[in-house]
Amino acid sequence: MSRPLDREIETLRVMIGIYCRSVHRTAVLCDSCRELADYAQQRVRRCPYGDAKPACNHCPIHCYEPRMRARMIEVMRFAGPKMIWRHPVLAIRHMIRKNPKSIIKKE
Ligand SMILES: [Zn+2]
């Protein structure tokens, strides 16, 4: 079983991949997107909330440095709407973490 943080990192990598392939037209992640992916992974791993980590856009800490944060926001805007088609399971998990009230309660 993967931990929530691993899933989050996987989701980020998939989103950066979608963005890079479409915007930068590369088969593998370009250097700058790889830098962003590695940076994001490192931030998530060091998150003081650990497995109880809220979705980054709801997090009070905002640990990304402004330059990386701006790039990640751009990636999310671009890749977010495409996730639902290409990776529905990841996308839905991401949405649940982002806004649990948008999903019908099932407990
Ligand atoms: Zn790229």
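Everything in this summary refers to the structure shown in the same document.

The rules behind these values
Residues numbered from 1 in each chain as written. Predicted model: local features only at pLDDT ≥ 70, side-chain atom pairs only at ≥ 80, totals over all residues. Heavy atoms only, no water. Helix = DSSP H or I, 4+ residues; strand = E, 2+ residues; numbered from the N terminus. Buried < 20%, exposed > 50% of the residue type's maximum accessible area, 1.4 Å probe, protein only. Contact = heavy atoms within 4.5 Å. Areas by Shrake-Rupley, 256 points an atom, 1.4 Å probe, with all protein chains shown as cover. Donors = N, O, S within 2.8 Å, 3.2 Å for Na, K, Ca; no water. Tetrahedral: all angles 85-135°; square planar, octahedral: opposite > 155°, others 65-115°. Axes fitted to C-alpha atoms, helices over the stretch in contact; angles between N-to-C directions. Parallel < 35°, antiparallel > 145°, perpendicular 65-115°, else oblique. Left-handed = near helix turned anticlockwise from the far one by under 90°. Nonpolar A, V, L, I, M, F, W, Y, C, P; charged D, E, K, R; others polar. Core = buried A, V, L, I, M, F, W, Y, C linked by side-chain atoms within 4.5 Å. Salt bridge = Lys/Arg side-chain N within 4 Å of Asp/Glu carboxyl O.

Summing up its helical and strand segments, the protein has four helices and zero strands in all. The order of helices and strands in the protein, counted from the N terminus, is α-α-α-α. Looking at the protein as a whole, 32% of its 107 residues qualify as buried. Within the protein, residue pairs in contact and separated by at least 24 positions form 66% of the contacts whose partners lie at least 6 positions apart. Here the protein has roughly 7200 Å² of accessible surface; of this, 58% comes from carbon and sulfur atoms.

Moving on, we get to the coordination of the zinc ion. All of the protein donors around the zinc ion are Cys20 (SG), His24 (ND1), Cys30 (SG) and Cys33 (SG); their distances to the metal are 1.9 to 2.3 Å. Seen from the zinc ion, its four donor atoms lie at angles of 104 to 122°, and the figure they make is tetrahedral. The class of His24 is partly exposed, set by a relative accessible area of 32%. With relative accessibility at 2%, the residue Cys33 sits in the buried group.

Moving on: the packing of helix α1 (residues 4-24) against helix α2 (residues 31-45). At their nearest, the axes of α1 and α2 sit 10 Å apart, and the two run at 165° to each other. Relative to α2, α1 is oriented roughly antiparallel. The handedness of the crossing between α1 and α2 is right-handed. Of the residues in α2, those touching α1 at Leu5, Asp6, Glu8, Ile9, Leu12, Arg13, Ile16, Tyr19, Cys20 and His24 are Ser32, Cys33, Leu36, Ala37, Asp38, Ala40, Gln41, Val44 and Arg45. Considered class by class, the residues forming the contact of α1 with α2 number 11 nonpolar, three polar and five charged.

Counting residues in each nonpolar core, the largest one holds 23 residues, and the members touching the most others are Ile16, Tyr64, Met72 and Val75. At the level of elements, α1, α2 and α3 (66-86) are the ones that each hand at least two residues to this core. Considering every element that reaches this core, the biggest residue donor is α1, with nine residues. Discounting residues that sit within four places of it in the chain, Tyr64 has contacts with Leu12, Tyr39, Ala40, Arg43, Arg69 and Met72.

Glancing now at the pattern of salt bridges. For the coordinates displayed, the defined rule picks out six salt bridges. Between Asp38 and Arg13 there is a salt bridge whose closest N-O contact spans 3.0 Å. Here the residue Asp38 occupies a position in helix α2, and Arg13 occupies one in helix α1, the gap between them amounting to 25 residues. Taking relative accessible area as the criterion, Arg13 reaches 33% and is therefore assigned partly exposed.

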